[in-house]
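Architecture at a glance
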Amino acid sequence: MKNIFSLTVVFSPILCLLLLKLTYAVSLELSAEQIKEAVEYGQKNRSMEIALFSKPWTICKEKGIGTATLFTPFHNIAYKARKFAVERREFTQHDIVQAAEIGDDFTFSVTVYGDEYNFCANYTAKLYYKDDVIQPEFEFAPEIAEASEFWPDPPSHAARLVFKFPTKDIDLNALIMLAVVAPGGEETVFDFPLSKIK
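Below you will find a few notes about this structure. (Residues numbered from 1 in each chain as written. Predicted model: local features only at pLDDT ≥ 70, side-chain atom pairs only at ≥ 80, totals over all residues. Heavy atoms only, no water.)

1. Focus on unusual backbone geometry
Residue Pro 152 is bonded to the preceding Trp 151 through a cis peptide linkage, with omega at 5°. Here Pro 152 shows up in the loop between β7 (146–147) and β8 (157–166). Residue Pro 155 is reached from Pro 154 by a cis peptide bond, and omega for that bond is -10°. Positive phi values are uncommon outside glycine, yet Lys 130 reaches one of about 55°. Tracing the chain through its elements places Lys 130 in the loop between β4 (124–129) and β5 (132–134). Relative accessible area serves as the criterion here: at 64%, Lys 130 is assigned to the exposed category. (Helix = DSSP H or I, 4+ residues; strand = E, 2+ residues; numbered from the N terminus. Buried < 20%, exposed > 50% of the residue type's maximum accessible area, 1.4 Å probe, protein only.)

Structure below.
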């Protein structure tokens, strides 16, 4: 009985540490270990296509409908580390601090598709969280879209939009839903389970 108790005392903390290591959740303040992991991810995957690189933070709809990527502090550091590695520049401590300081915001980069060169000018977005509807603090939509990978077939144009939302009072282990709203009011919704995202 003593041996079973001893084994339980020894292995319980180890099991807890392993389980903690496997869990993800968006964190606005990263530990030194998380920062190191983000830098290593960025540098190790510098040759990876950007869409594949950002896949852990990206929700994709059907081809030609759109994608949305959440820039967490972890993702931002990894992204910048990749950029510096591609450019063969040193990623200094100062650069890391700047990349980590994205503030108390959720920043989304969204790709949308349409058939007219100016289809994206009046897009907007909102964030659904529990029973709340949160409006963006910042919105960017280009006036003119670029030719899409489908050109000249429809949808012939694509545009990259950026939206920032406050994180205040949002549980960082919850589900949030980004609704990208076309000028006619049609919504494309992207579900982000924050507990599964670094």
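2. So, the sheet that holds strand β10 (residues 187–193)
Taking strand neighbours across the sheet as the criterion, the four strands line up as β5-β4-β9-β10 in an open arrangement whose pairing is antiparallel. Each edge of the sheet is formed by a strand with only one pairing partner; in this case those strands are β5 and β10. Here the average twist between neighbouring strands, direction ignored, is 25°. Bridge analysis of β4 against β5 gives three bridges, and the strand direction is antiparallel. (Pairing = 2+ DSSP bridges. Axes fitted to C-alpha atoms, helices over the stretch in contact; angles between N-to-C directions.)

3. Quick look at the pattern of salt bridges
The final tally for this structure, using the stated rule, is six salt bridges. A salt bridge links Glu 87 to Lys 83; the shortest N-O distance between them is 2.8 Å. Between Lys 126 and Glu 187 there is a salt bridge, with its nearest N and O atoms 2.9 Å apart. Here Glu 187 lies in strand β10 and Lys 126 lies in strand β4, a separation of 61 residues in the sequence. A single salt-bridge network, built from bridges that share partners, covers Lys 83, Glu 87 and Arg 89. (Salt bridge = Lys/Arg side-chain N within 4 Å of Asp/Glu carboxyl O.)

4. Details of the packing of aromatic side chains
One pass over the structure, following the stated rule, counts 10 aromatic pairs. Its end group placed over the ring of Phe 190, Lys 61 keeps NZ or CZ at 5.6 Å from the ring centre. In this arrangement the basic side chain of Arg 89 is found over the ring face of Phe 84, its NZ or CZ atom lying 4.0 Å from the centre. (Phe/Tyr/Trp six-rings, centres within 6.5 Å; stacked < 30°, edge-to-face > 60°. Lys NZ or Arg CZ within 6 Å of the ring centre and 35° of its normal.)

5. Focus: the nonpolar core
Within soluble globular proteins, side chains that are nonpolar tend to cluster in buried spots. Phe 108, Val 110, Leu 178 and Phe 192 are the most contacted members of the largest nonpolar core, which has 41 residues in total. The contacts of Leu 178, once residues within four sequence positions are left out, are Ala 68, Phe 108, Val 110, Ala 125, Lys 126, Leu 127, Phe 165, Thr 188, Val 189, Phe 190 and Phe 192. (Core = buried A, V, L, I, M, F, W, Y, C linked by side-chain atoms within 4.5 Å. Contact = heavy atoms within 4.5 Å.)

6. A look at the pairing of β10
Direction of pairing for strand β9 (residues 175–181) relative to β10: antiparallel, over a ladder of seven bridges. In the strand pairing of β10, Ala 179 is matched with Val 189.

7. What about the side chain of Thr 72?
Checked against the element boundaries, Thr 72 lands in the loop between β2 (66–71) and α4 (73–86). Reaching out from Thr 72, the side chain makes a polar contact with the backbone oxygen of Lys 198 at a distance of 2.8 Å. (Polar contact = N/O pair within 3.5 Å; in protein donor to acceptor, adjacent residues only side chain to side chain.)

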